[in-house]
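Listed below are the residues making up each chain.
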Amino acid sequence: MKKDVCLIGEMFAPENEADYITSSRSLGVAILAACLREAGMSVDVIDPLLHKYSLDDCYGIIRKNEYKYFGFSVLLNFEYTKNLIVKLRKEGYTQHFTMGGVFATTHYSYILSQNEKIGINSIILGEGEETIVELFNILDNGGNWESIQSVAYLKNGIVTANPRRKRICDLDNLPFPATDDVAYCISQNMPVSLYTSRGCPGTCLYCGSNNLLNDKNNVWIYRSANNVAEEIKKLKQQFNIKNVAFVDDNFIGTLDLGKKRAYDICNQIIKENLDINFFIECRPDALDRDLTEALYNAGCRAVFVGIESASNERLKEMGRATISTDINQQAIDLLNAFKIEPMIGFMMLTPNTCLKDVQLNIDFCEKYVKERFVGNYKTHEISSMLFSELLPISGTRIRNVLEKQGRIIEKNATYIPLDPNVYIFKSILSDHDLFQFMQSIEKRIRRSWIHLCLPKDLDKISKLKFYEKDLVLMTTQIFRQIIDCILKCDLGDVTNCITNFKRKMIVFSNEVLKNNKNILNKGLDIL
């Protein structure tokens, strides 16, 4: 059967299965599909990340139909998308291939510089709703698409990026996202992802959200409460949805205006008797007692808050000047008090982290897992707190600073720590033998989290979350041993220090594993 467009979402990376187990539909692709259909085009959506399709699975689906155009969305897994494109070109697909998404926008020059080996015709920069419709309409009419705003391409070996179009200011005018995969999400007990706003008024140096939107003013643009409620109502009528994930970068947004809109959405959910449980993301300074209560009454059962660090110095350095560790703790305490599960955005390491900061971060993680409210909504993977570090994304201000300082390590897109003690800490954690051991702990933590995402057996959920806490505390025990050994070593001989510590650490790790064997086995027994 011949159709106009095939849109392919983020590719599935098998080695990161635990990361994606609760991924909902590719919302960006769903919005593009709705816009193209509104413009009169027939569209198929393939969502590899949601369905865990391999490259061969995707190719097998594509072969069943004929398409005029292909669109690929890339958030992180560019190499997998590249492999699919290369395969399609080798199999004789000559149609126009366009690409968009976060990675494609921030790395368009890198992608196009190796385009002879790939075969991308165009890259859509930033918001794609208007651009993709214009692109395919011009191609249909045999026009010159190379002058379209927000498009990048390679011609005669030269990368060209056209001027960016203005941001979409009235989100209510966009069609509701296509619902192709909503029924599947519900069948898998996944929340249905929705968006209610774009952008963030924050000034975090590491965030690429506003860079993607090409907005230096950090303007938060939002949908009206009525528009949001209308979409939920339609999904309720058609699919009887019960769990929703609002995936906005910042649901509450600009504080006074954003709080009013948040109240309006809560009131609409209650007024329309929509009867949903939902999740939001926001900054900790946006939460106060009245708003937290309103969120709970409307069905909010989990909130992702960017805590980021247990050090005020590091928070200030990251551009979070209006946030402190006290504000962070107040937000967590509020959520716990109202029985809303706090999910934590956290970075154990940042470019200027010192060993004292690491110790503060470990203290915070232990306090958090001991005190947090444990609900029945899908939980955040705690291991991300322990093993995460700031990633200097291309185009962000922190990346620009580190590049000027000569501290970027291009091979793995990370950085050289300022503190030599933290350099040793990172080196020890990345040692092959120890890293494998730490990965095995992390996988067990994430495996426990995976099984918490399907809220069927409340007793099992409760047991598994305590098991998860035990694993976290076991890991922080190892971290503390690493710090103790670093403080005793001679920084004048870093290589020898790391070598000697590896031996001690492997012995200690095995002791921890032996002493906590009952913890590790307990989780497997529950599953």
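This one's a predicted model, so the numbers in the text were calculated from it and none came from an experiment.

What counts, and at which threshold
- What you see as residue numbers is a count from 1 along each chain, following the sequence as written.
- Restriction of local features to residues with pLDDT of at least 70 applies here, the model being predicted, together with a cutoff of 80 or more for giving and counting side-chain atom pairs; totals for whole chains, interfaces and linings are based on all residues.
- The basis for the side-chain values is all heavy atoms of the structure; hydrogens and waters are excluded.
- A pair of aromatic rings is counted whenever rings of Phe, Tyr or Trp (Trp by its six-membered ring) have centres within 6.5 Å, and the orientation is called stacked for planes under 30 degrees apart, edge-to-face for over 60 and tilted otherwise.
- Partly exposed describes any residue whose relative accessible area lies between the buried limit of under 20% and the exposed limit of over 50%, with all areas from a 1.4 Å probe on protein chains only and scaled to the type maximum.
- Runs of E in the DSSP output that reach at least two residues are strands. Runs of H or I that reach at least four are helices, and both are numbered from the N terminus.
- As used here, the arc is the angular range of directions from the helix axis to the C-beta atoms.
- Two N or O atoms form a polar contact when they lie within 3.5 Å of each other; inside protein one atom must be a possible hydrogen donor and the other a possible acceptor, and for residues adjacent in sequence the pair counts only when both atoms belong to side chains.
- Axis definition: a line fitted to C-alpha atoms, over the contacting stretch in the case of helices. Angles run 0 to 180 degrees between N-to-C directions.
- An angle below 35 degrees is read as roughly parallel, one above 145 as roughly antiparallel, one from 65 to 115 as roughly perpendicular, and any other as oblique.
- It is the rotation of the near helix from the far one that decides the hand of a crossing: anticlockwise by less than a right angle makes it left-handed, clockwise makes it right-handed.
- Two residues qualify as a contact provided that any one of their heavy atoms is within 4.5 Å of a heavy atom in the partner residue.
- Polar here means any residue other than Ala, Val, Leu, Ile, Met, Phe, Trp, Tyr, Cys and Pro, which are nonpolar, and Asp, Glu, Lys and Arg, which are charged; Gly is therefore polar.
- DSSP bridges decide pairing: two strands pair if at least two such bridges lie between them.
- In this description, the term disulfide denotes a pair of cysteine sulfurs within 2.5 Å.

Participant: Please set out the packing of aromatic side chains residue by residue, giving values where relevant.
Facilitator: Following the criterion strictly, the structure yields 16 aromatic pairs and no others. With a centroid separation of 6.3 Å and 15 degrees between ring planes, the pair formed by Phe70 and Phe72 is classed as stacked. Each ring, one from Trp220 and one from Tyr222, has its centre 5.0 Å from the other, and the planes form 25 degrees; the classification is stacked. The class of Tyr222 is partly exposed, set by a relative accessible area of 32%.

Participant: Before we move on, could you go through helix α13 (residues 289-298) and cite the residues and values that matter?
Facilitator: Looking only at α13, the buried set comprises Leu291, Thr292, Ala294, Leu295 and Ala298. For α13, the arc enclosing every buried residue in end-on projection is 160 degrees, short of the 170-degree limit, so these residues lie on one face. Residues Arg289 and Asp290 are exposed on α13 and point more than 90 degrees away from its buried face. Between the side-chain oxygen of the N-cap and the backbone nitrogen of Asp290 there are 3.3 Å, and the N-cap of α13 in question is Asp288. In the segment just after α13, Gly299 is the residue with positive phi, at about 120 degrees.

Participant: Describe the environment of Gln237, listing the residues and the values that go with them.
Facilitator: Structurally, Gln237 is set in helix α11 (residues 225-239). Remark: the alpha-carbon pair of Gln237 and Leu274, spanning 37 residues in sequence, is separated by 9.7 Å.

Participant: Break down the packing of helix α4 (residues 55-62) against helix α5 (residues 78-90) for me, with residues and values.
Facilitator: Across the interface, α4 lies against α5 with an axial gap of 10 Å and an inter-helix angle of 45 degrees. The angle between α4 and α5 places the two elements in the oblique class. With respect to the hand of their crossing, α4 and α5 are arranged in right-handed fashion. Judged by residue contacts, Leu55, Asp56, Cys58, Tyr59 and Ile62 of α4 engage Tyr80, Asn83, Leu84, Lys87 and Leu88 from α5. Counted by class, the contact of α4 with α5 contains seven nonpolar, one polar and two charged residues.

Participant: Outline the sheet that holds strand β11 (residues 243-246), listing residues and values.
Facilitator: Whenever strands of a sheet pair, they do so through backbone hydrogen bonds, lying parallel or antiparallel. An order of β8-β11-β12-β13-β14 is seen for the five strands of this open sheet, with the pairing classed as parallel. In this open sheet, the two edge strands, each paired with only one partner strand, are β8 (192-194) and β14 (341-346). Each neighbouring strand pair of the sheet contributes to a mean axis angle of 20 degrees, computed without reference to strand direction.

Participant: How would you explain unusual backbone geometry if you had to name every residue and give the values?
Facilitator: A positive phi angle, near 65 degrees, is found at Ser150, a position not held by glycine. Tracing the backbone through its elements, the reader meets Ser150 in the loop between α8 (129-140) and β6 (151-155). Taking relative accessible area as the criterion, Ser150 reaches 1% and is therefore assigned buried. With phi around 70 degrees, Glu308 is a residue other than glycine that occupies positive phi space. Relative to the helices and strands, Glu308 resides in strand β13 (residues 300-308).

Participant: How would you sum up the state of the cysteines? Please name residues and give values.
Facilitator: Scanning the entire structure with this criterion turns up zero disulfides. Sulfur of Cys207: no disulfide; nearest cysteine sulfur belongs to Cys204 and is 6.3 Å away. Cys266 takes part in no disulfide bond, and the closest cysteine sulfur, belonging to Cys300, lies 7.6 Å away.

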